[in-house]
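Report on the structure
Listed here are the chains, written in short residue letters.
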Amino acid sequence: MTQPKPLNLPFDPIDRAAESWRAHFGPSAAMAAVTSIMRAHQILLSQLDALLKPYGLTFARYEALVLLTFSRAGALPLSKIGERLMVHPTSVTNTVDRLEKSGFVRRLPNPRDGRGVLAEITEPGRDVVRRATGDLMAAEFGLSMYAEDELQEMFDQLRTLRVAAGDFAGSSMRQDEEHGGLL
């Protein structure tokens, strides 16, 4: 996996910031945790985008293709894509535009809604998902330094934050009837 250039600092800058925070403002655990999460996001996004670049994808475009792959018909309304990926409609439009230019999706009229549009994955889109997924899985999505149980614990910890933010009701793990999968 292509790694971002290591910083090789002689100290942990987030830990150092936490010490200063404590001295100036008080408890620093929340600040240190959120700063670590934001840095981890930067690192992972950089690594994943580097892995996906040879396929003409970013992680956001890859996620959209995977979502379409998981859907029963290989097509979803743009509004459903935005809802499932938890992004603004403008981001969905931009993502689908780029995937369409690459030949990975096509737009179709939504037969259920005369004004709506579906994005449908193409065979080249399915092929690029298969190949890119192989690379991501081989790289363990950039998290090879963690054991399976640690990854599950990390997911559980972050899921608590997502429930508190209202992403979904914590007890509402239900199958999506319209699209036939846990989407």
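In this report, the structure presented in the accompanying data block is examined. (Residues numbered from 1 in each chain as written. Predicted model: local features only at pLDDT ≥ 70, side-chain atom pairs only at ≥ 80, totals over all residues. Heavy atoms only, no water.)

**Digging into helix 4 (residues 78–85)**
Think of an α-helix as 3.6 residues a turn; residues three or four steps apart then line up on the same face. Within helix 4, the full set of buried residues consists of Leu78, Lys80, Ile81, Gly82 and Arg84. Next to the buried residues of helix 4 lie helix 3 (59–70), strand 1 (75–77), helix 5 (89–101), strand 2 (105–109) and strand 3 (117–121). Looking one or two places after helix 4, you find Met86, whose phi comes out positive at around 60 degrees. (Buried < 20%, exposed > 50% of the residue type's maximum accessible area, 1.4 Å probe, protein only. Helix = DSSP H or I, 4+ residues; strand = E, 2+ residues; numbered from the N terminus. Contact = heavy atoms within 4.5 Å.)

**What to know about the pattern of salt bridges**
Close approach of charged atoms lets side chains of opposite charge pair. Counting across every chain of the model gives seven salt bridges. The partner of Arg107 in a salt bridge is Glu100, and the shortest N-O contact between them spans 2.6 Å. For Arg131, the salt bridge goes to Asp127, with nearest N and O atoms at 3.0 Å. Taken together, the residues Arg131 and Asp127, both in helix 6 (residues 123–138) and four residues apart, mark about one turn of the helix. Overall, the relative accessible area of 42% leaves Arg131 in the partly exposed class. Judged by relative accessible area, which is 32%, Asp127 ranks as partly exposed. (Salt bridge = Lys/Arg side-chain N within 4 Å of Asp/Glu carboxyl O.)

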